[in-house]
Amino acid sequence: MRGLDYLWLEALDAVVAYGGFDKGAQALFVTQSAVSQRIKQLEKWLAQPVLVRGSPPRLTAIGRRLLGFYRRVKTLELDLLPSLSPDGVDAPLPVAIATNADSLATWLLPALAPLMSEGRLVLNLMVEDESRTLNRLRSGEAVAAISSEPTPMAGCVSDRLGRLEYLCVASPAFIARYFPHGVNGEAMTRAPAVVYDQHDDMHSAFLAERFALSSVSWPTHVVRSSEAFVKLANQGVAYCLIPSLMIERELAQGTLVDLLPGQGVIRTLYWHRWALESGLLASLSATCIRHAREALAP
């Protein structure tokens, strides 16, 4: 029986990455017919489809598994090749990391800066809620993911990074306008808040636990930026949950006030990566884990 042909997987990757057979073929410098034939050969070998034909084509479950495997192999290959090169020239390694916005706004970039300054890697940072970053690792799009999920996927390992503390804060002017009689459930139904996106469940869980409020009973702004959370709170137009690491100066100066001292939210974060890391990828993980543990609460 013929084994798995990596030309088939290369064609599958191109079709998915470029959103169609024509553009995938252009990226590979082959004809559209050649790409189509390679996909058909892969599906014949598997005896099941890897794509749902459409615009754009979508992966089937087995297609996602194969593409994730292929992308992991390609990244490991790129990490290995410099050590085998007779001239010892190290080309920058393309590295995709799935991260939550708050890690990106606090500790992640300082952790990556030394490797970036050495020209050893080029980054693709995929920003998702920490409950969904593992999807990027599962699909093979990322080589590592920062997640609130402690359990690693098959073939991966996870390391505890530390705890990120979120405080519910607002400006003094906002407090005077919306909470003149204190912070209570009735006031929370009128006060505008900020959430990251429609999947962000941290704020709704916070209000449900503290004030028994449903997720549809309070106004929200949707803003996909941690830095914008701070700016909106500083401008007095909303209150929000913000990592304490981001607002130490504002709290000290009194421009932002903790609405519910001692009642914040704690998220424990984990670094997920493939178990067979080596070379620069292993150094990357070690550096990020060490830096996170220094920056975050234990």
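Residues numbered from 1 in each chain as written. Predicted model: local features only at pLDDT ≥ 70, side-chain atom pairs only at ≥ 80, totals over all residues. Heavy atoms only, no water.

S.K.: Is there a simple way to think about the overall build of the protein chain in this case?
M.R.: Scanning the protein chain for helices and strands turns up 13 helices and 11 strands. In terms of its C-alpha atoms, the protein chain occupies a principal-axis envelope of roughly 75 × 45 × 30 Å. For the protein chain, long-range pairs separated by at least 24 residues make up 72% of all intrachain contacts whose partners lie at least 6 apart in sequence. The protein chain carries 28 positive and 29 negative side-chain charges, and their two centres are separated by 6 Å. (Helix = DSSP H or I, 4+ residues; strand = E, 2+ residues; numbered from the N terminus. Contact = heavy atoms within 4.5 Å. Lys, Arg positive; Asp, Glu negative; His and termini not counted. Charge placed at Lys NZ, Arg CZ, Asp CG, Glu CD.)

S.K.: Can you help me understand the packing of helix H2 (residues 21–28) against helix H3 (residues 32–46) in this one?
M.R.: When two helices pack together, their arrangement is given by the angle between their axes and by how far apart the axes lie. At a closest axis distance of 8 Å, the pairing of H2 and H3 adopts a crossing angle of 105°. Classified by the angle between their axes, H2 and H3 sit roughly perpendicular to one another. Residues Phe-21, Asp-22, Ala-25 and Leu-28 of H2 touch H3, and the partners they reach there are Gln-32, Val-35, Ser-36, Arg-38 and Ile-39. In terms of residue class, the contact of H2 with H3 is built from five nonpolar, two polar and two charged. (Axes fitted to C-alpha atoms, helices over the stretch in contact; angles between N-to-C directions. Parallel < 35°, antiparallel > 145°, perpendicular 65-115°, else oblique. Nonpolar A, V, L, I, M, F, W, Y, C, P; charged D, E, K, R; others polar.)

S.K.: Just checking my understanding: could you explain the pattern of salt bridges for this structure?
M.R.: Between side chains of opposite charge, pairing is possible as soon as their charged atoms come close. Taken as a whole, this structure holds 12 salt bridges when the rule is applied. A salt bridge links Arg-38 to Glu-10; the shortest N-O distance between them is 3.9 Å. Here Arg-38, found in helix H3, pairs with Glu-10, found in helix H1 (residues 6–18); they are 28 residues apart in sequence, far enough to count as distant. In this structure Arg-38 comes out as buried when scored by relative accessible area, which is 18%. Residue class for Glu-10 comes out partly exposed when judged on its relative accessible area of 27%. (Salt bridge = Lys/Arg side-chain N within 4 Å of Asp/Glu carboxyl O. Buried < 20%, exposed > 50% of the residue type's maximum accessible area, 1.4 Å probe, protein only.)

S.K.: In this structure, what is going on with the pairing of strand S9 (residues 240–243)? I would like to understand it.
M.R.: When a strand is regular, its side chains alternate between the sheet's two faces. The alternating pattern of S9 places Cys-240 and Ile-242 on one face and Leu-241 and Pro-243 on the opposite face, and all of these are buried. Of the strand pairs in this sheet, strand S6 (residues 156–170) and S9 are connected by four bridges, and their pairing is antiparallel. The residue of S9 that forms the bridge with Cys-168 is Leu-241. (Pairing = 2+ DSSP bridges.)

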